[in-house]
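Residue strings, one per chain:
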Amino acid sequence: MPESQVSATLHQGFATPNPEYSPVPIWWWSGDRLELERMIWQVDQLVAQGVHNAVVLNLAPTGPMHGALSDEPHFLSEEWWGLWDALCAHAQKVGMRFWFYDQIGFSGANLQGRLAVANPGFVGMELTHAVLDAEMGGEIALPEAGVFVSGQALPLSADGRIAGAPQELALESGRIRWQGEGRVRLILAYAIRKGFDYHSPQACRALMDVVHHAFEARLGKYFGSAIVGSFQDELPSVPTWSERFAAEFERRCGYALGAKIAALWEDWGVESARIRIDYQRVRAALAEEAIFKPIFDWHEKHGLTIGFDQQSPSRAAQPISTVDQYADYARTHRWYSAPGSDHWGEAKFHSSLAHSYGRPRTWIEAFHSSGWGGTLEETFDWLQPWLLAGANLYDPHAVYYSTRGGQWEWAAPSTCWRQPYWRHYRHLADAVSRLCWLATRGEHQCDIGLLFPSAAVQADLFLDRCGPAARVAHDAYQALVGQMTWFNARAGALKRLRRDFDVLDDDTVAGARIEQGALRTRGERYKGLIVPATWMLETATAQKLVAFAEAGGLLVFVDRPPKTADSTEGETAIARLHALVASGKAKLVKGQEGLEAALAEVPVEIETDSPTLLRRDGEVSMLLLTAAAAGSASAEAWLPWAEWDYEHGNFSFSRYSEELREKGIGFDLAAQRERATVRISGPVGAIEQWDPATGQARPVTVRRHEGSVEAEVDFSLSPMTVLVWSALGQAAAPEPPKESGRERVLGDT
């Protein structure tokens, strides 16, 4: 293999597939009784085809579930632990690496339920209310199962609107009562006991005892060798109330929530909006401290990686749903070393979180529920948009221990020896290993940061509905980022403009420093910041935006500037932002055309017709790009009716399956180009393309201009390639162009 003229060291790492970065399929221990000999055979099959990782999941851990008979042996039984031990010993010999599944989210193990039965104090709480509009007097009785939180009376105007702050009412003889002049809205806030208390450090520690600490005691000797991490799927929503919530709220926020808790259902202006933000912050912080950070710390202590795919719609990083389900998605989910989602989710938010917090991997679980017919070529095509969005840990769903003679499956396909393509699978596995390894070298590079509108949503999301200001911010954000959901993908404005970006959370923005007119975070530098129709800002964020714009950075408000901040202290920064817009030092734009004109002030480094991902390791730049100009040769939005969001909930899975069988996924080989031109601004010396299918480094045709270079890449060996260059050295003479020929015979592997 010719030696790279750009970086022999980096190319050697790329050319030789690294087992650590191989596909990480879910291995379902379900469908039949587990037999060690059969399991060892399956491990050997995976390793032989370049798959050196597997996530072990039990679908029916303690009883029948999803069409599967109860797993044999049961989850956490002595026999189950014995199989783990034997398989880990074998894994060390053959180079396999296992990830355990914590069974905390998607599960039939009912770990939380068992703990709550044994320890009733571990039961969670949900905050709700009873309401009555009254004139001259009225009362509300506390429901029998309710735990009283607070009583409130809010004055109403003649047209039935809230006319001021609430008056607190005491509970007397199981009722709140009000008498007086005029009309009021009575609110009795109470909690009901349900679910698990993810605000309780004691409850969460007990939960970790059952799984994490048990793995440590039983199999800790394999940590870092045969066991390298864990996976969490669809963690339940964090509680909306808990026994310690009121006291913790007052301690952290400096005022009692009970006297103003009506703000969680009613609005009387900025004060009530700030209460809602404080409420969601405390809700998130208690869960962060009780479960998210302790689990992360445990993994860090043992040198293990933890990845996740949470419940919809949060897995798609939809702003409204992330607040509804997890209170503050960034602040809770930064505590994972491989944040991510499945292919019904979103990679850009999660890879951005990884970039901001120094997490090396971004998880993509795919492509469950796509049926048995997908080929290796189609699977690689489906994967490419996720790689371009920063995902670099590919978790195929799935490998089945058994299909019981073809009569049982769970969210097909099974990407293993059951497929006719299995004898060629190593070609895909090695390409994935090369790309995922390269996508962890150096740092992601882009000029644009997009603020995630968490505060704007928190301030206008009530416990029973979403307010209009939250919806506006949500919609503006979604229009910019688009949607990656595999069966209903839609390009956002930034993708259509071919502008790569990171999504920035409030703590990342507030903690960044300003350098030469750019926002400098842990590993990246943003020359432009976009704020999407965000009516409310966190104070520290607003102050940093002011400093950024005053230092000469490009600050762009889409559709509207912020109206207020989460504290009176922040109002000065908000006023300054309005002054910056009035003076032209910050931009206010409408729609994609206005955004394009504003972003022209930040010249692009890379120009080409397709989406790209740029990383830089020292002096070496690495650009991932695809033969398909859209980033994929598969159709976008081929099931446009299948929406899963705050308003709609889950869609019809039976209709999804039926239309998938009838329509297919619209893979169009003709959408893949033979060649592409990439224009690079700045100094370019040695330059070549690296092929993920073979690991080869190949010269490219170069046309040099003043201040830029045009490079011609070809896709004859793979529909995805990597253009690599440095400022030093000289480009080698190119080879004669090759035609892909549309057909290529793969040898057995």
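About the thresholds
- Residues numbered from 1 in each chain as written.
- Predicted model: local features only at pLDDT ≥ 70, side-chain atom pairs only at ≥ 80, totals over all residues.
- Heavy atoms only, no water.
- Phe/Tyr/Trp six-rings, centres within 6.5 Å; stacked < 30°, edge-to-face > 60°.
- Buried < 20%, exposed > 50% of the residue type's maximum accessible area, 1.4 Å probe, protein only.
- Helix = DSSP H or I, 4+ residues; strand = E, 2+ residues; numbered from the N terminus.
- Lys NZ or Arg CZ within 6 Å of the ring centre and 35° of its normal.
- Contact = heavy atoms within 4.5 Å.
- Pairing = 2+ DSSP bridges.
- Axes fitted to C-alpha atoms, helices over the stretch in contact; angles between N-to-C directions.
- Salt bridge = Lys/Arg side-chain N within 4 Å of Asp/Glu carboxyl O.

Asks: Quick one: what's the story with the packing of aromatic side chains, residue by residue and with numbers?
Replies: Here the structure, examined in full by the defined rule, presents 53 aromatic pairs. With a centroid separation of 5.9 Å and 40° between ring planes, the pair formed by Tyr326 and Tyr329 is classed as tilted. With respect to burial, Tyr326 and Tyr329 carry one shared label: buried. Judged by centre distance (5.5 Å) and plane angle (50°), the ring pair of Trp344 and Phe651 falls under tilted. Taken together, the residues span a long stretch of sequence, with Trp344 in the loop between strand 10 (340–342) and helix 11 (348–357) and Phe651 in the loop between strand 29 (620–626) and helix 21 (653–663) at a distance of 307 residues. An aromatic cluster of three or more residues is present, and its members are Trp27, Trp29, Phe75, Trp80, Trp81, Trp84, Phe98, Phe100, Phe215, Phe223 and Trp298. The ring of Trp641 has Arg655 lying over it, and the distance from NZ or CZ to the ring centre is 3.9 Å.

Asks: Let's hear about helix 9 (residues 319–326): which residues, and what values?
Replies: With seven of eight residues buried, helix 9 lies mostly within the body of the structure. Residues of helix 9 that are buried in the fold lie against helix 8 (270–301), helix 10 (329–333), helix 14 (454–458) and helix 15 (468–481). Immediately beyond the C-terminal end of helix 9, within one or two residues, lies Ala327, with a positive phi of roughly 70°.

Asks: So what's going on with the sheet that holds strand 20 (residues 518–520)? Residues and values would help.
Replies: Strand order in the open sheet formed by three strands is 19-20-21, with antiparallel pairing between adjacent strands. Because the sheet does not close on itself, it has two edges, and the strands there are strand 19 (513–515) and strand 21 (525–526). Relative to strand 21, strand 20 runs antiparallel, the two being bridged by two bridges. Bridge pairing in strand 21 places Leu519 opposite Tyr526.

Asks: Lay out the sheet that holds strand 1 (residues 26–28) with the relevant residues and their values.
Replies: Ordered by their spatial adjacency, six strands build an open sheet running 9-8-3-2-1-13, and the pairing between neighbours is parallel. Pairing within the sheet leaves two strands with one partner each, and these edge strands are strand 9 (305–309) and strand 13 (399–400). Pairing analysis gives two bridges linking strand 1 to strand 13, with the strands arranged parallel. In the sheet register, Trp28 faces strand 13, and the bridge partner there is Tyr400. Strands in contact with helix 3 (residues 78–94) are strand 1, strand 2 (53–57), strand 3 (97–101) and strand 8 (227–233); relative to strand 3, the strand with the most contacts, it is inclined by about 150°.

Asks: Would you mind going over the pattern of salt bridges in detail, with residue names and values included?
Replies: Evaluated as defined, the whole model comprises 50 salt bridges. The shortest N-O distance in the salt bridge between Arg315 and Asp342 comes to 3.2 Å. Of this pair, Arg315 sits in the loop between strand 9 and helix 9 while Asp342 sits in strand 10, and the two are 27 residues apart along the sequence. You can call Asp342 buried: its relative accessible area is 2%. Note that Glu710 and Arg679 form a salt bridge whose closest N and O atoms lie 3.1 Å from each other. Within this pair, whereas Glu710 is found in strand 34 (residues 708–714), its partner Arg679 is found in strand 30 (residues 675–681), the two being separated by 31 residues in sequence.

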